[in-house]
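A structural walkthrough
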Amino acid sequence: MTQIANTTFNPVNQDIVEQLMVIELACHPHPWSEKTFRSCIEGRYFGEYLTIDNIIVGFYVGEHVAGESTLMDVCVAPEQQGKGYGKALLLQFFEHCKTLATKSIFLEVRAKNISAQMLYINHGFTEISRRTGYYPSNTGFGYEDAIVMSKKL
């Protein structure tokens, strides 16, 4: 557990999933199911949730395999967005990756999610490919591309 002033990072575990699902459901038009979320805990998966003054504001989930880590999911509660918590979660993810001896990090982001793309670009990620029609559209009609990004540690 890392603590800086009133900011605390704690490992994601089965006991906290129901509380994190509230944020997951609020952040994504096509969220993970609780079953999927629970399957992404322990083993090759890792994650942490961020509390500010004992209020959960966000979390990340990553996967580590053979020296590579993937940022699978990162969410900040809508009412807490725009306060730098996404950046704090991303930096904490990097720290965890370093403890795993990660050499490369990967992620996918919706092509229309410009604010997330800018966060990733500002922290050293570059676009390496696109997955055409990867995500269901937020409007309910059609599909949206995924941008695949990578960063060396």
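Everything that follows concerns the structure shown earlier in this document.
Residues numbered from 1 in each chain as written. Predicted model: local features only at pLDDT ≥ 70, side-chain atom pairs only at ≥ 80, totals over all residues. Heavy atoms only, no water.

1. A few points about the environment of Y49
Positionally, Y49 belongs in strand β3 (residues 45-52). Sequence-distant contacts of Y49, defined by excluding residues within four places in its chain, comprise T8, F9, N10, P11, V12, I16, L20, I56, G58 and F59. (Helix = DSSP H or I, 4+ residues; strand = E, 2+ residues; numbered from the N terminus. Contact = heavy atoms within 4.5 Å.)

2. A closer look at the nonpolar core
In terms of nonpolar packing, the biggest core is built from 23 residues, with F93, Y120 and F125 touching the most fellow members. Breaking this core down by element, the ones donating at least two residues are β3, β4 (55-65), β5 (68-76), α3 (85-99), β6 (104-110), α4 (114-122) and β8 (143-152). Counting residues per element, this core draws most heavily on α3, which supplies six residues. Counting 17 residues, the second largest nonpolar core, distinct from the first, contains I16, F37, C75 and A77. (Core = buried A, V, L, I, M, F, W, Y, C linked by side-chain atoms within 4.5 Å. Buried < 20%, exposed > 50% of the residue type's maximum accessible area, 1.4 Å probe, protein only.)

3. Observations regarding the side chain of S104
You can see S104 is positioned in strand β6. Setting aside residues no more than four positions away along its own chain, S104 makes contact with G67, E68, S69, K151 and K152.

4. Considerations on the pairing of β5
The two faces of the sheet receive side chains in turn, since in a regular strand these alternate between them. Strand direction decides the pairing type here: β4 and β5, joined by eight bridges, are antiparallel. Among the inter-strand pairings, H64 is bridged to a residue of β5, identified as S69. As for the winding sense of the linkage, the β-α-β connection from β5 through α3 to β6 is right-handed. (Pairing = 2+ DSSP bridges. Right-handed = clockwise from strand over helix to strand, strands pointing away.)

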